[in-house]
Amino acid sequence: SAFRDCISIKKIIVPESVLLIDNWSFMGCENLSEISVLGRSTIITVPAITGRKDKKKVSIIGLKGSTAEEYCNKYGEQYSLQFKKQKRRFLSFIKA
């Protein structure tokens, strides 16, 4: 429940290093409209996004063939989720 009840969040980028989006992570995030999941195999538990009571449409952006796409295919219609293919990979730059 990392972002539970954060009504100011509209968009969020979940980095590739996050392996699990757990139960009720986005519950009460009434203004959340877009989640970018950068990891191909990030596990999303069922009530992590589907547990939202407001039922507003949420776009989940991820890689084709990713667990994010599978999640949307399975729960999208029931919970107003829409999968959008990530257009380009985000790059991280580390200073040496």
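To be clear, the structure that these remarks concern was listed above.
Given the structure is predicted, the values throughout are model-derived calculations rather than measurements. (Residues numbered from 1 in each chain as written. Predicted model: local features only at pLDDT ≥ 70, side-chain atom pairs only at ≥ 80, totals over all residues. Heavy atoms only, no water.)

(A) Focus on helix H2 (residues 67-79). A rise of 1.5 Å per residue sets the reference length of H2, with its 13 residues, at 18 Å; its end C-alpha atoms lie 17 Å apart and thus fit the reference within 8%. The sharpest bend along H2 measures roughly 45 degrees and falls at asparagine 73. Burial in H2 covers these residues: Ala68, Glu69, Tyr71, Cys72, Tyr75 and Gly76. Against strand S3 (34-37), strand S4 (43-44), helix H1 (46-50), strand S5 (58-62) and strand S6 (81-85) lie the buried residues of H2. Following H2 by one or two positions, serine 80 adopts a phi angle in the positive range, close to 55 degrees. (Helix = DSSP H or I, 4+ residues; strand = E, 2+ residues; numbered from the N terminus. Expected span 1.5 Å × (residues − 1). Bend = angle between axes of the 7 residues up to and from the residue. Buried < 20%, exposed > 50% of the residue type's maximum accessible area, 1.4 Å probe, protein only. Contact = heavy atoms within 4.5 Å.)

(B) Up close: the packing of aromatic side chains. The final tally for this structure, using the stated rule, is 3 aromatic pairs. Seen in terms of ring centroids, phenylalanine 3 and phenylalanine 26 are 5.8 Å apart; in terms of plane orientation they differ by 0 degrees. Their pairing is stacked. Here phenylalanine 26 lies in the loop between strand S2 (20-21) and S3 and phenylalanine 3 lies in the segment before strand S1 (11-14), a separation of 23 residues in the sequence. The interplanar angle of 55 degrees and the centroid separation of 5.2 Å between the aromatic rings of tyrosine 71 and tyrosine 75 together place this pair among those described as tilted. Remark: tyrosine 75 and tyrosine 71 occur in helix H2; sequence separation between them is 4 residues, near one turn of the helix. The same class applies to tyrosine 71 and to tyrosine 75, which are both buried. One aromatic cluster is present, formed by Tyr71, Tyr75 and Tyr79 through successive ring pairs. (Phe/Tyr/Trp six-rings, centres within 6.5 Å; stacked < 30°, edge-to-face > 60°.)

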